[in-house]
Amino acid sequence: QNPKSQINKIISHPKESLLFAGYEDRNIRYFDIRESKCIHSMVGHLEGVSSLTITPSGDYLISGGHDCSLRFWDINARNCIQETM
């Protein structure tokens, strides 16, 4: 993890005490608000992560990157389930 990487987007989970941040270093990080710590980090894109949103159900995270792709993530499984270019 690069703690000095620029954060491009931060969003909160609609139902749980989680924050998601998209970074210029290509990572998406999950933060537990109650514990005040990063609980998961993953490379999200080939270039910086520029946008994030969560479905209203809170089950899926959608990210956009400077690599011109959209990725759909299963929040609980912490994996990409679909990618579009």
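Calculation notes
- Residues numbered from 1 in each chain as written.
- Predicted model: local features only at pLDDT ≥ 70, side-chain atom pairs only at ≥ 80, totals over all residues.
- Heavy atoms only, no water.
- Helix = DSSP H or I, 4+ residues; strand = E, 2+ residues; numbered from the N terminus.
- Contact = heavy atoms within 4.5 Å.
- Polar contact = N/O pair within 3.5 Å; in protein donor to acceptor, adjacent residues only side chain to side chain.
- Buried < 20%, exposed > 50% of the residue type's maximum accessible area, 1.4 Å probe, protein only.
- Lys, Arg positive; Asp, Glu negative; His and termini not counted.
- Salt bridge = Lys/Arg side-chain N within 4 Å of Asp/Glu carboxyl O.
- Core = buried A, V, L, I, M, F, W, Y, C linked by side-chain atoms within 4.5 Å.

Undergrad: Explanation requested: the environment of His40 in the structure shown.
TA: Secondary-structure assignment places His40 in strand β4 (residues 37–43). Each C-alpha atom, one on His40 and one on Arg78, is 8.5 Å from the other, the two residues being 38 residues apart in sequence. Once residues lying within four places of it in the same chain are set aside, the contact partners of His40 are Ile28, Arg29, Tyr30 and Arg78.

Undergrad: What is the right way to look at the side chain of Asp25 in this model?
TA: Within the element layout of this structure, Asp25 appears in the loop between β2 (18–23) and β3 (27–32). In this structure the side chain of Asp25 is engaged in a polar contact, spanning 3.1 Å, whose partner is the backbone nitrogen of Asn27.

Undergrad: Could you clarify how one ought to interpret the side chain of Asp32 in this entry?
TA: Within the fold, Asp32 resides in strand β3. Here Asp32 occupies a buried position and makes no salt bridge, while the nearest side chain of opposite charge, Arg34, is found at 6.1 Å. A distance of 2.9 Å separates a polar atom in the side chain of Asp32 from the backbone nitrogen of Arg34. Leave out the neighbours within four places in its chain, and Asp32 touches Ser17, Leu18, Lys37 and Ile39.

Undergrad: Got a minute to help me understand the nonpolar core in this structure?
TA: It is characteristic of soluble globular proteins that their nonpolar side chains tend to be buried jointly. In this structure, Ile11, Leu18, Phe20, Ile28, Tyr30, Met42, Val49, Leu52, Ile54, Leu61, Trp73 and Ile75 together form the largest nonpolar core, which totals twelve residues. Mapped by element, the contributors of at least two residues to this core are β2, β3 and β5 (49–54). Looking at this core element by element, the count peaks at three residues for β5.

Undergrad: When you look at the pattern of salt bridges in this model, what are you seeing that I'm missing?
TA: Two side chains with opposite charge may pair up if their charged atoms get near one another. For the coordinates displayed, the defined rule picks out two salt bridges. A salt bridge links Arg29 to Asp25; the shortest N-O distance between them is 3.0 Å. Taken individually, Arg29 and Asp25 each receive the classification buried, so the pair is uniform in this respect. One salt bridge connects Glu83 with Arg71, and the closest N-O pair in it is separated by 3.1 Å.

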